[in-house]
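So you can see what is in the structure, the chains are spelled out below.
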Amino acid sequence: MTSPLLRLGTRGSPLALTQTGLVRDALARSVPTLSAPGAIEIVPIRTTGDVIQDRPLSEAGGKGLFVKEIEEALLAGRIDAAVHSMKDMPTAQPPGLTISAFLPREDARDVLIAGDLERIDALPRGAIVGTSALRRKALLLHRRPDLQIVTFRGNVETRLAKRAAGTVHATILALAGLKRLGRPVGTPIPEAEMLPAVGQGAVCIEARTDDARTRGWLATIDHEATAVCVRAEHAMLVVLDGSCRTPIAGHAILTDGALHLRALIARPDGSTVIETERHGSATDAAAMGRDAGEELKRRGGPGFFAD
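Treat the numbers as computed from the prediction; the structure is a model and nothing was measured.

**Q** Is there a simple way to think about the sheet that holds strand β4 (residues 97-102) in this case?
**A** Backbone-to-backbone hydrogen bonds pair the strands of a sheet. The strands run either parallel or antiparallel. Reading across the sheet, the 5 strands line up as β2-β1-β3-β10-β4 and stay open at both edges, with mixed pairing between neighbours. At either end of the open sheet lies a strand with only one pairing partner, and these are β2 (40-44) and β4. On average, adjacent strands in this sheet sit at an angle of 30° to one another, irrespective of strand direction. Pairing analysis gives 2 bridges linking strand β1 (residues 6-10) to strand β3 (residues 81-85), with the strands arranged parallel. In the strand pairing of β3, Leu-8 is matched with Ala-81.

And the structure:
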């Protein structure tokens with residue numbers, strides 16, 4: 001049996017495997033060498049974040065738990081590249097690794113899954129909403145302090161099943177994941193009501209910095225507009241030292257070279273939300289993000305994220 005030319009590591013969830021399939025297909029179309037059957041192998045890797053289901057990730061060590069084992073496999077040479085949901089990524093990569101490419105970004109909005117109800121404001125008073133994201137919890141409570149928020153972990157199908165079974169009145173999921181899985185359920189939430197997580201809807205591919213062959217292949221599928229937007233969002237996150245322990249949101253949109261970044265921080269209980277935005281050019285993406293982050297940090301003041 002011929003050995004694969006490229007091994008793509010990923011989480012083993014249906015969404016992660018679907019996203020990695022999109023990367024494989026894009027590479028096969030772009031690089032003739034990789035179009036042969038068996039040239040690309042998908043390697044599922046179970047992460048600590050997948051194992052822990054009984055508590056929020058903020059209590060277990062942060063969102064890096066979804067990438068740690070995959071990055072270890074990449075550094076050890078067991079895989080050649082790693083496919084991640086960008087919103088799972090820490091603010092920096094380990095020495096020797098770099099994000100080499102992005103797929104075109106999907107719709108970054110969140111979706112309300114609440115049966116026939118289509119708006120957060122339509123939920124009954126005291127409704128139980130399941131989510132494990134501090135950002136979603138804080139923004140829900142900011143708008144509806146009467147809601148009861150409970151921890152809701154698991155992959156997309158698990159959370160949809162729990163909601164359908166009546167465990168909660170509603171839950172919130174990323175529209176991008178639902179679209180990629182072919183699940184047209186729920187109602188998109190306007191960004192004015194719930195600004196997306198940094199990187200939401202974007203798929204990134206990580207490689208070893210010294211692997212010129214793999215990085216060259218990945219460069220052929222890199223979507224520059226997505227890279228620019230995520231660069232602005234992550235620059236803001238770095239300034240705020242953001243992780244899933246802190247309610248932070250940020251979304252950048254690039255239109256004809258003009259970049260618009262919206263960002264916010266919130267207290268975990270939703271009592272305070274501080275927002276800002278920036279307009280500039282694609283070449284200023286990182287500077288815009290840093291500037292927005294500095295403003296939010298200054299306006300929030302010391303201890304803003306203390307629960």
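**Q** Just checking my understanding: could you explain helix α4 (residues 68-75) for this structure?
**A** Helical periodicity: at 3.6 residues per turn, an α-helix aligns residues three or four positions apart in one direction. Considered for burial, the residues of α4 that qualify are Glu-69, Ile-70, Glu-71, Ala-73 and Leu-74. Positive phi appears at Gly-77, one or two residues downstream of α4, with a value of about 85°.

**Q** For this particular structure, what's the right way to read helix α10 (residues 285-300)?
**A** Here α10 contains 16 residues, and its C-alpha end-to-end distance of 23 Å stays within 8% of the 22 Å for a straight helix at 1.5 Å per residue. All of the buried residues in α10 are Ala-285, Met-288, Gly-289, Ala-292, Gly-293, Glu-295, Leu-296 and Gly-300. When α10 is viewed along its axis, its buried side chains cluster within an angular range of 160° and face the same direction. Contacts from the buried residues of α10 go to α9 (224-239), β12 (258-266) and β13 (273-281). Just beyond α10, the residue with positive phi is Gly-301, at close to 80°.

**Q** Would you explain the nonpolar core in this entry?
**A** Looking at soluble globular proteins, one finds that nonpolar side chains tend to be buried together. By size, the foremost hydrophobic cluster in this structure holds 19 residues, and its most contacted members are Met-236, Leu-259, Ile-265 and Leu-296. Elements with a contribution of two residues or more to this core: α9, β11 (248-255), β12 and α10. The element best represented in this core is α9, accounting for 5 residues.

**Q** Hey, could you run me through the pattern of salt bridges in this one?
**A** A side chain of one charge can pair with a side chain of the opposite charge if their charged atoms are brought near each other. All chains considered together, the criterion is met by 22 salt bridges. The partner of Glu-275 in a salt bridge is Arg-262, and the shortest N-O contact between them spans 3.9 Å. You can see Glu-275 sitting in strand β13 and its partner Arg-262 sitting in strand β12, a full 13 residues away along the chain. According to the relative accessible area criterion, Glu-275 is partly exposed, its value standing at 44%. What you see here is one network of salt bridges that share partners, running through Arg-7, Asp-80, Arg-208 and Asp-211.

**Q** Help me out: how do you make sense of unusual backbone geometry in this one?
**A** Trans is the prevailing form of peptide bonds, just as negative phi is the prevailing case for residues other than glycine. Unlike most non-glycine residues, Asp-256 shows phi in positive territory, near 50°. Considering the arrangement of structural elements, one finds Asp-256 in the loop between β11 and β12. Here Asp-256 falls in the exposed class, since its relative accessible area comes to 80%.

**Q** Sorry, what's going on with the environment of Ala-36 here?
**A** Its location among the elements puts Ala-36 in the loop between α1 (14-30) and β2. Each C-alpha atom, one on Ala-36 and one on Val-239, is 44 Å from the other, the two residues being 203 residues apart in sequence.

**Q** What's the story with the side chain of Glu-206 in this structure? I'm lost.
**A** By the secondary structure assignment, Glu-206 is in strand β10 (residues 203-208). Here Glu-206 sits buried without a salt bridge, and the closest side chain of opposite charge, Arg-208, lies 10 Å off (N-O distance). Within the local environment of Glu-206, its side chain forms a polar contact with the side chain of His-84, the two groups lying 2.8 Å apart. Sequence-distant contacts of Glu-206, that is, excluding residues within four places in its chain, are made with Glu-71, Leu-74, Ala-81, Ala-82, His-84, Met-89, Gln-93, Pro-94, Leu-97, Thr-98, Ile-99 and Ser-100.

**Q** Any chance you could explain the sheet that holds β12 here in plain terms?
**A** Taken in spatial order, the 3 strands of this open sheet run β11-β12-β13, and their pairing is antiparallel. Each of the sheet's edge strands pairs with one partner strand only, and the pair in question is β11 and β13. Adjacent strand axes in the sheet meet at a mean angle of 10° when their direction is disregarded. Direction of pairing for β12 relative to β13: antiparallel, over a ladder of 9 bridges. By the bridge assignment for β13, Ala-258 is matched with Ser-281.

**Q** Sorry, what's going on with the state of the cysteines here?
**A** Think of a disulfide as a covalent bridge from one cysteine sulfur atom to another cysteine sulfur atom. All chains considered together, the criterion is met by 0 disulfides. Here Cys-229 is not cross-linked by a disulfide; its sulfur's nearest cysteine counterpart is in Cys-204, at 15 Å. Cys-229 gets classed as buried once you look at its relative accessible area, which sits at 7%.

**Q** When you look at the packing of α9 against α10 in this model, what are you seeing that I'm missing?
**A** Helices that pack against each other are described as a pair by the angle of their axes relative to one another and the distance between those axes. Contact geometry for α9 and α10: axes closest at 7 Å, N-to-C directions at 30°. Judged by the angle between their axes, α9 and α10 are roughly parallel. Considering only the axes of α9 and α10, their crossing is right-handed. Residues Val-228, Arg-231, Ala-232, Ala-235, Met-236 and Val-239 of α9 pack against Ala-285, Ala-286, Gly-289, Arg-290, Ala-292, Gly-293, Glu-294, Leu-296 and Lys-297 of α10.

What counts, and where the lines are drawn
Position numbers for residues start from 1 in each chain and track the written sequence from start to end. Only residues with pLDDT of 70 or above have their local features reported here, since the model is predicted, and side-chain atom pairs are shown and tallied only from 80 upward, although totals for entire chains, interfaces and linings are computed over all residues. With hydrogens and water excluded, all non-hydrogen atoms of the structure serve as input to the side-chain values. At least two bridges found by DSSP between two strands is the condition for calling them paired. Here a helix means four or more residues in a row that DSSP labels H or I, a strand means two or more in a row labelled E, and each is numbered from the N terminus. Here the axes come from fitting lines to C-alpha atoms, over the contacting stretch only for helices, and the angles between their N-to-C directions go from 0 to 180 degrees. Only protein chains enter the calculation, and the probe is 1.4 Å; a residue is then buried if its accessible area is under 20% of its type maximum, exposed if over 50%, and partly exposed in between. What a helix should span is 1.5 Å times the count of its residues minus one. By construction, the arc corresponds to the directions joining the helix axis to the C-beta atoms. When checking whether two residues touch, look at their non-hydrogen atoms; a contact exists if any pair is within 4.5 Å. Among the buried residues, those of types Ala, Val, Leu, Ile, Met, Phe, Trp, Tyr and Cys that are joined through side-chain atoms within 4.5 Å form a nonpolar core. Salt bridge, as applied in this entry: a Lys or Arg side-chain nitrogen positioned within 4 Å of an Asp or Glu carboxyl oxygen. Residues counted as positive are Lys and Arg, residues counted as negative are Asp and Glu, and His and the chain ends are not counted. Two N or O atoms count as a polar contact when they lie within 3.5 Å, although within protein this holds only if one can serve as hydrogen donor and the other as acceptor, and sequence-adjacent residues are included solely when both atoms are side-chain atoms. The criterion for a disulfide is a pair of cysteine sulfur atoms lying within 2.5 Å. When an angle is under 35 degrees it counts as roughly parallel; over 145 it counts as roughly antiparallel; between 65 and 115 it counts as roughly perpendicular; any other value is oblique. Helix crossings fall into two classes, left-handed where the near helix is turned counterclockwise from the far one by less than a right angle and right-handed where it is turned clockwise.

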